Amino acid sequence: MDSSPTTPYIGRFAPSPTGPLHFGSLATAVASYLDARRCDGRWLVRMEDIDPPREMPGAAERILRQLEAHGLLWDDRVLYQSQRGEAYLAALQQLLDRNLAYPCHCSRQQLKERGGLHLLRCAPQGGAEQPHALRLAVDEQSDIGFEDIFQGRQRQSIKLEVGDFVLHRKDGLFAYQLAVVVDDAFQQISHIIRGSDLLDSTARQIYLQQVLGFPQPDYGHLPVAVDAKGHKLSKQNLARAVDEQTPSLNLWTVLHWLNQAPPTALCHSNPEQILSWAVGHWQRQAVPQLLHLRAPALQTPPSAG
Ligand code: GLU
């Protein structure tokens, strides 16, 4: 496919351990795996465990076991974001030294009064010891455009649509936007296949890559799986965990949902055979160009044929 001949393909799946994998997160894992393997690339797993209040004890281990049960075997060791604090601090320090990041003591209420957008540097206030966030000082010229593999052309003006965004939170935790950009560069990720719930974050991440001098990966945002009411299946709203006992049926159902037209009989094969068929038949252009797509029921095997 279209990975440039000089950059080796390295893909990744980067779950937050807020709960076990549900149908939607399994579909993301499968699609990122297939896209990487189809391009003879490597596929890494990164555990995004930098937000302890949102995490569920045991979820990181369960996710890895669920991946293994489905034959989704990753290359290299799993990278844990909880062990990457020094790298995030170094990036923050660099931005502070270049006067591209600044402390912000604003309350939620103050931000709300300004329509949620933080457009200007805060006047110096409070002591350095007061809890504060660190924000990126976004340039006026911050229009970011990119071609999404599944969703097509995208653009966003960071300054006007997002404002100066948070890199380090008031509660002392690193922001997702900073950690993801530092780690994608560290792991030399060339292709990021993930859910469309992160489409809106991508321009921010590209902007931060530019500021930090990192290469820009290709991005592809898959439809997010929703329930009958249109709500996103999420680990936090306790979407049903995928059952490790029925990996073949789960994989077949994901392939069908991703519009890869798996033959019906394939659902009786083992996970390795299903994945091998799917790598050989992976078609990016068949993936529905939708932001949301209803998740199927997992219990019913397709009738034999
Ligand atoms: N950790 C994020 C999540 O589980 C995904 C981050 C990413 O793929 O960039 O939603």
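Refer to the structure above for everything that follows.
Residues numbered from 1 in each chain as written. Predicted model: local features only at pLDDT ≥ 70, side-chain atom pairs only at ≥ 80, totals over all residues. Heavy atoms only, no water.

K.L.:
Any chance you could explain the pattern of salt bridges here in plain terms?
P.N.:
Side-chain pairing between opposite charges can occur once the charged atoms of the two side chains come close. A complete count under the given rule lists 18 salt bridges for this structure. Ionic pairing is found between D35 and R284, a salt bridge with its closest N-O pair at 2.7 Å. On the criterion of sequence distance, the pair formed by D35 in helix α1 (residues 23-38) and R284 in the loop between α9 (271-281) and β12 (292-294) is long-range, its members being 249 residues apart. The burial state of D35 is the same as that of R284; both residues are buried. We note a salt bridge from D184 to R46, for which the minimum N-O separation is 2.9 Å. With D184 in helix α6 (residues 176-186) and R46 in strand β2 (residues 42-47), the pair connects residues that are 138 residues apart, well separated along the chain. Overall, the relative accessible area of 3% leaves D184 in the buried class. On the basis of relative accessibility, which here comes to 0%, the residue R46 falls in the buried class. (Salt bridge = Lys/Arg side-chain N within 4 Å of Asp/Glu carboxyl O. Helix = DSSP H or I, 4+ residues; strand = E, 2+ residues; numbered from the N terminus. Buried < 20%, exposed > 50% of the residue type's maximum accessible area, 1.4 Å probe, protein only.)

K.L.:
Please clarify how helix α7 (residues 199-212) should be interpreted in this entry.
P.N.:
Note that an α-helix has 3.6 residues per turn; residues three or four places apart therefore point the same way. Here α7 is 14 residues long and its end C-alpha atoms lie 21 Å apart, about the 20 Å a rise of 1.5 Å per residue gives. Most of α7 is tucked away: 12 of the 14 residues are buried. (Expected span 1.5 Å × (residues − 1).)

K.L.:
How should I be thinking about the sheet that holds strand β3 (residues 79-80) in this particular structure?
P.N.:
Read across the sheet, three strands follow the order β1-β2-β3 without closing on themselves; strand pairing throughout is parallel. Unpaired on one side and paired on the other, β1 (10-13) and β3 mark the two borders of the sheet. Summarising the sheet, β2 and β3 pair through two bridges and their orientation is parallel. Following the sheet pairing, M47 is matched in β3 by Y80. The strands touched by α1 within the sheet are β1 and β2, with β2 carrying the most contacts at an inclination of about 150 degrees. Against the sheet, helix α2 (residues 59-69) engages β1, β2 and β3, with an angle of about 160 degrees to β2. (Pairing = 2+ DSSP bridges. Contact = heavy atoms within 4.5 Å. Axes fitted to C-alpha atoms, helices over the stretch in contact; angles between N-to-C directions.)

K.L.:
How do you make sense of the site of the ligand when you look at a structure like this?
P.N.:
Every residue near the ligand is listed here: R12, A14, P15, S16, E48, Y176, V180, R194 and L198. For the ligand, a nitrogen atom lies 2.6 Å from a polar atom in the side chain of E48. Between an oxygen atom of the ligand and a side-chain N or O atom of R194, the distance comes to 2.8 Å. Protein burial of the ligand: of its 300 Å² of free accessible surface, 81% is covered by the chains. Looking at the shell around the ligand, its residues break down into five nonpolar, one polar and three charged. (Near = heavy atom within 4 Å. Polar contact = N/O pair within 3.5 Å; in protein donor to acceptor, adjacent residues only side chain to side chain. Areas by Shrake-Rupley, 256 points an atom, 1.4 Å probe, with all protein chains shown as cover. Nonpolar A, V, L, I, M, F, W, Y, C, P; charged D, E, K, R; others polar.)

K.L.:
What's the story with the sheet that holds strand β8 (residues 166-168) in this structure? I'm lost.
P.N.:
Whether parallel or antiparallel, the strands of a sheet pair through hydrogen bonds between backbone atoms. The strand order β4-β5-β8 describes an open sheet built from three strands, whose pairing is antiparallel. This sheet does not close on itself; its edge strands, each paired only once, are β4 (101-104) and β8. Across the sheet, the axes of successive neighbouring strands diverge by a mean angle of 45 degrees, strand direction being ignored. Looking at chain direction, strand β5 (residues 133-136) and β8 are connected through two bridges and run antiparallel. Along β8, the bridge assignment pairs L134 with H168.

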